Amino acid sequence: TLSQLLLKSAQLFIINVSLNDFLMVLPTLINSRAFSTFVSKQLDLPHNTLNKLLEFQLFDQSPASSGITQYHNSALTLNNNFRFQVWLLAIQLLELTPIVLGLP
């Protein structure tokens, strides 16, 4: 069925990563349309405040109800042990994928 196909397609774009200050492995959505890298506010990670509010649009191109004011600076480790430093912009995300990695 169409719903099964969509579900399988979505799984192909989810990888597992870990953050240096979060003990769990987290499912992460790879999104080629995202302009940056994001983390869910629900994880309640230590954060920094941005100097300027970032406004952004949702997937359907509609404006978000509020802008981004916080980010989390962390090392991110992929399941192949590749590790890199990343700034994760803190926003509301689905519990299923608490991290979204945008591709350049």
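Residues numbered from 1 in each chain as written. Predicted model: local features only at pLDDT ≥ 70, side-chain atom pairs only at ≥ 80, totals over all residues. Heavy atoms only, no water.

Burial of strand β5 (residues 68–78) is extensive: 8 of the 11 residues sit out of reach of the surface. When strand β1 (residues 14–19) meets β5, the two strands line up antiparallel, connected through 3 bridges. Considered in β5, the bridge of V17 is made with L78. Of the pairings in the sheet, the one linking β5 to strand β6 (residues 83–91) comprises 7 bridges and is antiparallel in character. Residue pairing for β6: Y71 is matched across the bridge by L89. (Buried < 20%, exposed > 50% of the residue type's maximum accessible area, 1.4 Å probe, protein only. Helix = DSSP H or I, 4+ residues; strand = E, 2+ residues; numbered from the N terminus. Pairing = 2+ DSSP bridges.)

Below, the discussion takes up the environment of S36. Of note, S36 is situated in the loop between β2 (22–31) and β3 (37–40). Put simply, S36 and V100 are 64 residues apart on the chain and 8.2 Å apart in space, counted from C-alpha to C-alpha. Aside from chain neighbours lying at most four places away, what touches S36 is L89, V100, L101 and G102. (Contact = heavy atoms within 4.5 Å.)

In this structure the tally under the stated criterion is 2 aromatic pairs. Ring plane angle 20 degrees and centroid distance 4.1 Å describe the contact between Y71 and W87, whose orientation is recorded as stacked. Remark: W87 occurs in strand β6 and Y71 occurs in strand β5; sequence separation between them is 16 residues. Classification of Y71 as buried rests on a relative accessible area of 13%. (Phe/Tyr/Trp six-rings, centres within 6.5 Å; stacked < 30°, edge-to-face > 60°.)

Both trends apply: most residues other than glycine have a negative phi, and most peptide bonds are in trans. For D44, which is not glycine, the phi torsion reads 55 degrees and is therefore positive. Mapping D44 onto the fold places it in the loop between β3 and β4 (48–54). Positive phi outside glycine occurs at N81, with the angle close to 70 degrees. Its location among the elements puts N81 in the loop between β5 and β6.

What follows covers the nonpolar core. In this structure, L19, V39, L76 and I99 are the most contacted members of the largest nonpolar core, which totals 14 residues. The set of elements that each furnish at least two residues to this core consists of β1, β2, β5, β6 and β7 (99–102). Discounting residues that sit within four places of it in the chain, L76 has contacts with V17, S18, L19, F82, R83, F84, V86, I99 and L101. Ranked by size, the runner-up nonpolar core spans 10 residues in total, among them F38, I68, Y71 and V100. (Core = buried A, V, L, I, M, F, W, Y, C linked by side-chain atoms within 4.5 Å.)

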